[in-house]
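Tertiary structure, described
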Amino acid sequence: MAKYNNIVILTGAGISAESGLATFRDEEGMWNKHRVEDVATIQAFARNPEYVHDFYNEMKKDLIKVEPNAAHLAITELQKNYPAKISVVTQNVDTLHEKAGNENIYHIHGQINQAVCMNCGNVLTTWNDVTTEDVCQQCHVQGMFKPNIVFFGENLLCMNEVDALLRSCDLFVSIGTSGVVFPANTFVRTAKYYNADTIEFNLKATANNYAFDRHVIGKAGETFPKFVEELLQETKAVADI
Ligand code: APR
């Protein structure tokens, strides 16, 4: 008999930091090197689609090389050995959760290896460069692909499914997110409202600090596998009674 039946794990850039990827708002973060207004808004894309495509095509070249770390792998370990429904809701556009073998993954901010046709909605999955020259294989219109990255001001993806998960989970875990971006930073309060236990894994206290029952401070690659081990031991202990 497991303590939890329905676990939601929200991840942010911090879970990928130990794989060598920059976060967004830390010292060496992405937004200290690039302006959000130039690469992460729909206005930026309308103004200069080639520049925005180039930015994400370059990011793709980095992301295809990186490997998941112990925190990603611990999620797979939990999903394989803990008798509960375990969903991963990620703000990250990298594919490290997939590479680690995680299942039930919801990319609410999109995915770096996808582009979406703004004419017909066709989603192209490719690690190759996407440009304004590309022709959509579904509607045969040229130059209508945009990176399948949710820009500031756009609606998140998978929100109906995520909302249902938040209302039904009994454990909400947040790993490596600063909790400053809406609406992902409200998820913990929804889970709490529906009586979930809430735990935050981060290097330090975050903007959402007050909303969590428990804070585990440290590198996710160290702290989260330890937590998974604890949960699995608990379940084993109960099973041995
Ligand atoms: N282990 C745990 N936490 C870490 C680690 C680590 N090894 N390294 C960094 N962190 C934490 C930082 O303390 C910070 O709280 O990860 C968090 C990263 O915060 P952000 O850089 O703001 O990234 P994130 O929260 O994912 O940003 C959310 O903002 O710009 C948008 O779309 C972008 O998805 C992104 C969203």
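Residues numbered from 1 in each chain as written. Predicted model: local features only at pLDDT ≥ 70, side-chain atom pairs only at ≥ 80, totals over all residues. Heavy atoms only, no water.

In this section: the site of the ligand. Around the ligand there are 23 residues in total, and F24, R25, T177, S178 and N202 lie nearest to it. In the environment of the ligand, an oxygen atom lies 2.7 Å from a nitrogen or oxygen atom belonging to the backbone of F24. At 3.3 Å from an oxygen atom of the ligand is found a main-chain nitrogen or oxygen belonging to G176. Compared with its free state, where it exposes 740 Å², the ligand has 95% of that area covered by protein. The cavity where the ligand resides is the largest pocket. Along the lines of polarity and charge, the residues of the shell around the ligand split into 8 nonpolar, 10 polar and 5 charged. If you count residues domain by domain, the shell around the ligand takes at least three from each of domain 1 (1-20 + 68-109 + 155-241) and domain 2 (21-65 + 113-149). (Near = heavy atom within 4 Å. Polar contact = N/O pair within 3.5 Å; in protein donor to acceptor, adjacent residues only side chain to side chain. Areas by Shrake-Rupley, 256 points an atom, 1.4 Å probe, with all protein chains shown as cover. 1 Å grid on protein atoms, 1.4 Å probe; cavity = no way out; pocket = protein on both sides within 12 Å on 5 of 7 lines; lining within 4 Å. Sits in = over half its atoms within 2 Å of the grid points. Nonpolar A, V, L, I, M, F, W, Y, C, P; charged D, E, K, R; others polar. Domains from an automatic or database assignment.)

Evaluated as defined, the whole model comprises 2 cavities of 30 Å³ or more. Here the second largest cavity is characterised by a volume of approximately 60 Å³. What lines the second largest cavity is H53, Y56, N57, K60, I112, Q114, A115, V130 and P147. Of all the elements in the fold, those that place two or more residues in the lining of the second largest cavity are helix 4 (49-63) and strand 4 (110-117). (Points joined across faces, edges and corners; volume = space filled by probe spheres on them. Helix = DSSP H or I, 4+ residues; strand = E, 2+ residues; numbered from the N terminus.)

Splitting the protein by domain gives domain 1 (1-20 + 68-109 + 155-241) and domain 2 (21-65 + 113-149). Distance between the C-alpha centres of domain 1 and domain 2: 27 Å. Residue-level contacts link 17 residues of domain 1 with 14 residues of domain 2. The contact between domain 1 and domain 2 buries some 1,100 Å² in all, and 60% of this surface belongs to carbon and sulfur atoms. When the buried area of domain 1 at its contact with domain 2 is split by residue, A13, V93 and T95 rank highest and sum to 34% of it. Linking domain 1 with domain 2 are 1 salt bridge, by the criterion used here. When the shortest N-O distance is used, the salt bridge between D26 and K204 registers 3.6 Å. (Contact = heavy atoms within 4.5 Å. Buried area = accessible area lost by both parts, 1.4 Å probe. Salt bridge = Lys/Arg side-chain N within 4 Å of Asp/Glu carboxyl O.)

Right, let's get into the pairing of strand 2 (residues 85-90). Across the 6 residues of strand 2, 5 count as buried, placing the element largely inside the fold. Bridging between strand 1 (residues 6-11) and strand 2 involves 6 bridges; their strand directions are parallel. Bridge pairing in strand 2 links N6 to K85. Looking at chain direction, strand 2 and strand 3 (residues 105-107) are connected through 3 bridges and run parallel. Directly across from V89, in strand 3, lies its bridge partner Y106. (Buried < 20%, exposed > 50% of the residue type's maximum accessible area, 1.4 Å probe, protein only. Pairing = 2+ DSSP bridges.)

Attention shifts here to the layout of surface pockets. In this structure, the largest pocket encloses a volume near 910 Å³. Every element with two or more residues in the lining of the largest pocket is listed here: helix 1 (14-17), helix 4 and strand 8 (197-202). Per element, the largest residue contribution to the lining of the largest pocket is 3 residues, and it comes from helix 4. Considering only residue class, the lining of the largest pocket consists of 25 nonpolar, 15 polar and 7 charged. Looking at which domains feed residues into the lining of the largest pocket, each of domain 1 (1-20 + 68-109 + 155-241) and domain 2 (21-65 + 113-149) supplies at least three. In this structure, the second largest pocket encloses a volume near 390 Å³.

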